[in-house]
Amino acid sequence: MKYTQLGRTGLKVSRLVLGTMNFGPQTGEPESHAIMDSALDAGINFFDTANVYGWGENKGRTEEIIGTWFAQGGGRREKTVLATKVYGSMSREGDTWPNHDRLSALNIRRAVDDSLKRLRTDHIDVYQFHHVDRRTPFEEIWQAIEVLVQQGKILYAGSSNFPGWKIAQANETAARRGTLGLVSEQCLYNLSERRAEMEVIPAAEAYGIGVIPWSPLHGGLLGGVLKKEATAGRRASGRSADALANTAVRAQIQAYEDLLDKHGLEPGETALAWLLTRPGVTGPIVGPRTAEQLESALRAVELELSEELLGSLEEIFPGTGPSPEAFAW
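Residues numbered from 1 in each chain as written. Predicted model: local features only at pLDDT ≥ 70, side-chain atom pairs only at ≥ 80, totals over all residues. Heavy atoms only, no water.

Participant: What am I meant to see in the overall build of the chain here?
Facilitator: Of regular secondary structure, the chain possesses 13 helices and ten strands. Computed over its C-alpha atoms, the radius of gyration of the chain comes to 20 Å, within 12% of the 20 Å expected for a compact globule of 329 residues. Projecting the C-alpha coordinates of the chain onto the three principal axes gives extents of approximately 55 × 55 × 40 Å. In the chain, which comprises 329 residues, the share counted as buried stands at 51%. If you average the places of the 35 positive and of the 42 negative side-chain charges in the chain, the two averages end up 4 Å apart. (Helix = DSSP H or I, 4+ residues; strand = E, 2+ residues; numbered from the N terminus. Rg over C-alpha atoms; globule rule 2.2 N^0.38 Å. Buried < 20%, exposed > 50% of the residue type's maximum accessible area, 1.4 Å probe, protein only. Lys, Arg positive; Asp, Glu negative; His and termini not counted. Charge placed at Lys NZ, Arg CZ, Asp CG, Glu CD.)

Written out as structure tokens, the structure reads:
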């Protein structure tokens, strides 16, 4: 495994981030534990989750699965850089109550304590805001985070799904308070979806924030979906199916798969390897449902993409360009 610093911090993390969203809803606890063991054995030390994972009436279930894995001991917690998130409502259906969502100081305090109990740990390494809260000022958010840092419950703060101007606003507010501010940003970023290059990634680079792309295969679209459809009869679903309904996108994905077939490369591994070449990227989040999917993701770290291939990928998936040039003169 290869490692890098998380943004401007001294924290060293793996170039792949283990996403755990499937643990619980799609992957049972024993197999989830096995995947986490395999990831740690392979050198992946950066694990990402969220308090709402498990979804529906099972919100928090994913954190619980990670917690029972930590409880097995063997240095699991000590070796892991643990990241979780706060924002979504943790109220159960029929029991909706104010202040159980978003980023008020009250909810942040409650959510951290609840996550720590589920995760069976005394601290969270990177505590991430899962979305922008348009109702809560950053002064209040940072005041809550400062208390948690002083209490030793969290070490760093990160964001997810923030636009560039909110990254700037958050960190300028933190700077006025004399605190570290955001150290990471999770954003939707992959070969097929490159709008983050306009403002989010430049803002992250300017403030020394590590970029952690989520959905690096764009819901399976970049994972060889057409080949699977043709050879195994596996129909696309969700985001992939919606995208492939567009004939132009379908032609684009066909060109992508044909190019990689010519080079003898796997589409999913190539899409991950491409992200590892991008400026500002700490590492993409991979969310394996099975051990085999984890093994495929690990191969991407060692994959070297030639300049010729990178140029061909750029032709198939052209970037938006930086702002304001992307939408002005």
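So much for the structure itself; the text now carries on.
Participant: Before we go on, may I ask you to explain unusual backbone geometry in this structure?
Facilitator: Note: most peptide bonds trans; most residues except glycine with negative phi. A cis geometry characterises the amide bond from S323 onward to P324, with omega recorded as 10°. As for its position among the elements, P324 is in the segment after α13 (307-316). Despite not being glycine, W55 has its phi angle at roughly 60°, a positive value. Among the secondary structure elements, W55 is positioned in the loop between β4 (46-48) and α2 (61-70). In this structure, R102 is a non-glycine residue whose phi angle is positive, near 65°. Positionally, R102 belongs in the loop between β5 (81-86) and α4 (105-119).

Participant: Teacher, can you tell me more about the packing of aromatic side chains here?
Facilitator: In this description, an aromatic ring pair is defined by two values, namely the gap between the centres and the angle between the planes. Scanning all chains against the criterion turns up seven aromatic pairs. Relative to W55, the ring of Y53 lies with its centre 5.4 Å away and its plane at 45°, an arrangement referred to as tilted. With a relative accessible area of 8%, Y53 lands in the buried category. Among the residues examined, W55 registers a relative accessible area of 39% and is labelled partly exposed. Site record: aromatic cluster; members linked through ring pairs are F47, W69 and F70. Its end group placed over the ring of F70, R77 keeps NZ or CZ at 5.3 Å from the ring centre. (Phe/Tyr/Trp six-rings, centres within 6.5 Å; stacked < 30°, edge-to-face > 60°. Lys NZ or Arg CZ within 6 Å of the ring centre and 35° of its normal.)

Participant: Could you clarify how one ought to interpret the pairing of strand β9 (residues 210-214) in this entry?
Facilitator: Every regular strand shows the same layout, with side chains that alternate between the two sheet faces. Burial of β9 is extensive: four of the five residues sit out of reach of the surface. Relative to β9, strand β8 (residues 182-188) runs parallel, the two being bridged by five bridges. Looking at the pairing, L188 lines up with W214 of β9. Between the parallel pair β8 and β9, the chain is carried across by helix α7 (residues 200-206), and the sense of this crossover is right-handed. (Pairing = 2+ DSSP bridges. Right-handed = clockwise from strand over helix to strand, strands pointing away.)

Participant: Quick question: what am I supposed to make of the packing of α2 against α4 here?
Facilitator: For the pair α2 and α4, interaxial distance at closest approach is 6 Å and the crossing angle is 50°. Here α2 is positioned oblique relative to α4, judged by the angle of their axes. Here E63, E64, I66, G67 and F70 of α2 come into contact with α4, specifically with S115, R118 and L119. Of the residues in the contact of α2 with α4, the class split is three nonpolar, two polar and three charged. (Axes fitted to C-alpha atoms, helices over the stretch in contact; angles between N-to-C directions. Parallel < 35°, antiparallel > 145°, perpendicular 65-115°, else oblique. Contact = heavy atoms within 4.5 Å. Nonpolar A, V, L, I, M, F, W, Y, C, P; charged D, E, K, R; others polar.)

Participant: Would you mind going over the sheet that holds strand β6 (residues 124-129) with me for this structure?
Facilitator: Strand pairing in a sheet is mediated by backbone hydrogen bonds. Such pairs are either parallel or antiparallel. Spatially, β9-β8-β7-β6-β5-β4-β3-β10 is the arrangement adopted by the eight strands of the open sheet, whose pairing is parallel. Single-partner strands in this sheet number two, and they are β9 and β10 (285-286). Where β4 lies against β5, three bridges are found, and the strand directions are parallel. Paired with D48 across the bridge in β5 is A83.

Participant: Where do I start with the side chain of T136 in this structure?
Facilitator: Take T136: it is sitting in the loop between β6 and α5 (138-151). A polar side-chain atom of T136 sits 2.7 Å from a polar atom in the side chain of D133. Look past the residues within four positions of T136 in its chain and what remains in contact with it is L103, S104 and I141. (Polar contact = N/O pair within 3.5 Å; in protein donor to acceptor, adjacent residues only side chain to side chain.)

Participant: Sorry, what's going on with helix α6 (residues 164-176) here?
Facilitator: Quick reminder: α-helices carry 3.6 residues per turn. Residues three or four places apart thus point the same way. The first and last C-alpha atoms of α6 sit 19 Å apart over 13 residues, in line with the 18 Å expected at 1.5 Å per residue. Those residues of α6 that sit buried are G164, K166, I167, A170, N171, T173 and A174. Those residues of α6 that are buried lie in contact with α5, β8 and α7. Just past α6, the residue G178 takes up positive phi, approximately 75°. (Expected span 1.5 Å × (residues − 1).)

Participant: Where do I start with helix α10 (residues 247-263) in this structure?
Facilitator: For α10, which comprises 17 residues, the first-to-last C-alpha distance of 25 Å matches the rise-based estimate of 24 Å (1.5 Å per residue) to within 8%. Along α10, the residues that are buried comprise V249, I253, Y256, E257, L259 and L260. Here the buried residues of α10 occupy an arc of 155° about the axis, which is enough to place them on one side. Along α10, the residues that are exposed and aim more than 90 degrees away from the buried face are T247, A248, D261 and K262. Close packing links the buried residues of α10 with α8 (225-231), α9 (238-244), α11 (267-276) and α13. Taking the backbone nitrogen of A248 as reference, a side-chain oxygen 2.8 Å away marks N246 as the first, capping residue of α10. Backbone geometry just downstream of α10 places G264 in the positive-phi region, at approximately 70°. (Arc of directions from axis to C-beta.)

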